[in-house]
Amino acid sequence: MDMEVGDLLFVKGNCNFSPFIRFFLKSEYTHVTIAVDHDHICEVDLYRKMEIMKNPYKEYDLYRLKANLTSDQQAELLHFLQKKVSTSKGYDWWRLVSICVKRYFRWNIIIHEQDRYICSEIIDKAFQHIGIDLVEDCVTGDVTPIDIMKSKHIKYVTSVYRVKDSLKEKGSYKRSG
């Protein structure tokens with residue numbers, strides 16, 4: 001199944017910080033990224049600035065908006081992401097820490113560095129920019145991958161894994177949510 005502009009790829013990370021993220025956010029998914037075409041994604045991760053790149057992920061769950069994006073919305077979404085890529089200074093460690101503290105200790109704290117982002121924050125802001133509030137009960141950007149996954153505006157499409165550069169679907173069964 002080809003990715004479409006605006007599709008979301010949810011990843012069960014395995015970097016050194018993944019267990020920490022899973023524990024504090026109570027989620028098996030530690031990363032989310034957004035498709036910019038059938039083969040490329042836009043993401044920011046723990047180790048590099050936000051960029052548009054060929055999809056490197058071997059396994060992910062693919063989600064899509066329930067309502068199709070118009071061509072104008074697709075163009076505006078891509079423009080927003082390209083603009084953020086050009087000004088990105090890297091990963092926002094403070095935002096990640098503040099979300100974990102907020103979720104674990106229930107303290108209402110938001111710490112954010114200008115032009116630095118976490119994966120779910122940039123996706124939430126991108127959709128807000130085109131008029132779609134994915135996570136209506138959270139402050140824009142103050143969201144986790146699982147918050148986005150639970151959005152009533154998206155639907156599960158399939159689970160994908162790569163075998164020697166070819167994509168295979170694990171199954172496109174319906175998930176609740």
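Rules used throughout
Residue numbers run consecutively from 1 along every chain, following the written order of its sequence. This being a predicted model, a pLDDT of at least 70 is required before a residue's local features are given, and a value of 80 or more before pairs of side-chain atoms are given or counted; all residues contribute to the totals for chains, interfaces and linings. Heavy atoms from the whole structure form the basis of all side-chain values; hydrogens and water molecules are not counted. Two strands form a pair only when DSSP identifies at least two bridges running between them. Working definition: helices are DSSP H or I runs of at least four residues, strands are E runs of at least two. Numbering for both runs from the N terminus. Should a side-chain nitrogen of Lys or Arg be within 4 Å of a carboxyl oxygen of Asp or Glu, the pair is scored as a salt bridge. Contact definition: two residues touch when any of their heavy atoms are within 4.5 Å. Remark: nonpolar core denotes a set of buried residues (Ala, Val, Leu, Ile, Met, Phe, Trp, Tyr, Cys) joined through side-chain atoms within 4.5 Å. A 1.4 Å probe rolled over the protein chains alone gives each residue an accessible area, and that area as a share of the maximum for its type sets the label: buried under 20%, exposed over 50%, partly exposed in between. Here, axes are lines fitted to C-alpha atoms. For helices the fit covers the stretch in contact, and angles between N-to-C directions go from 0 to 180 degrees. Comment on the angle field: the value is read as roughly parallel under 35 degrees, roughly antiparallel over 145, roughly perpendicular from 65 to 115, and oblique elsewhere. If you view the pair so one helix is near and one far, a crossing is left-handed when the near helix is turned anticlockwise from the far one by less than a right angle, and right-handed when it is turned clockwise. Gly is placed with the polar residues, together with every amino acid not listed as nonpolar (Ala, Val, Leu, Ile, Met, Phe, Trp, Tyr, Cys and Pro) or charged (Asp, Glu, Lys and Arg).

1. Some thoughts on the pairing of strand S4 (residues 48-54)
Direction of pairing for strand S3 (residues 40-45) relative to S4: antiparallel, over a ladder of five bridges. When the bridges of S4 are listed, glutamate 43 appears paired with glutamate 51. Hairpin geometry of S3 and S4 is characterised by an intervening segment of two residues between the two adjacent antiparallel strands.

2. A few points about the pattern of salt bridges
Side chains that differ in charge, positive against negative, can pair when their charged atoms come close. Counted according to the given criterion, the structure contains five salt bridges. One salt bridge connects aspartate 7 with arginine 64, and the closest N-O pair in it is separated by 2.7 Å. Taken together, the residues span a long stretch of sequence, with aspartate 7 in the segment before strand S1 (8-11) and arginine 64 in strand S5 (residues 59-65) at a distance of 57 residues. Residues aspartate 39 and lysine 54 are paired through a salt bridge, measuring 2.6 Å at the closest nitrogen-oxygen approach.

3. Things to note about the environment of lysine 155
Considering the arrangement of structural elements, one finds lysine 155 in strand S8 (residues 154-163). Linking lysine 155 and leucine 65, residues 90 residues apart in sequence, is a C-alpha distance of 6.2 Å. When neighbours within four sequence positions are excluded, lysine 155 is seen to be in contact with Leu62, Tyr63, Arg64, Leu65 and Lys66.

4. A look at the nonpolar core
Counting residues in hydrophobic clusters, the biggest one holds 35 residues, and the most contacted among them are Leu8, Phe10, Leu81, Ile123, Phe127, Leu134 and Ile148. Mapped onto this core, the elements with two or more residues apiece are S1, strand S2 (31-35), S3, S5, helix H2 (71-87), helix H4 (119-129), helix H5 (145-149) and S8. It is H4 that contributes the most residues to this core, five residues altogether. What isoleucine 123 contacts, discounting residues up to four positions off in sequence, is Leu8, Val32, Thr33, Ile34, Leu134 and Ile148. Counting residues in hydrophobic clusters, the runner-up holds eleven residues, among them Ala35, Met53, Tyr57 and Val160.

5. Focus: the packing of H2 against H4
Taken N-terminus to C-terminus, the directions of H2 and H4 make an angle of 135 degrees; their axes are 9 Å apart at the nearest point. With respect to their mutual orientation, H2 and H4 come out oblique. Between H2 and H4 the crossing geometry is right-handed. In contact with Glu76, Leu77, Phe80, Leu81 and Lys84 of H2, H4 contributes Ile122, Lys125, Ala126, Phe127 and His129. Of the residues contributing to the contact of H2 with H4, the split by class is six nonpolar, one polar and three charged.

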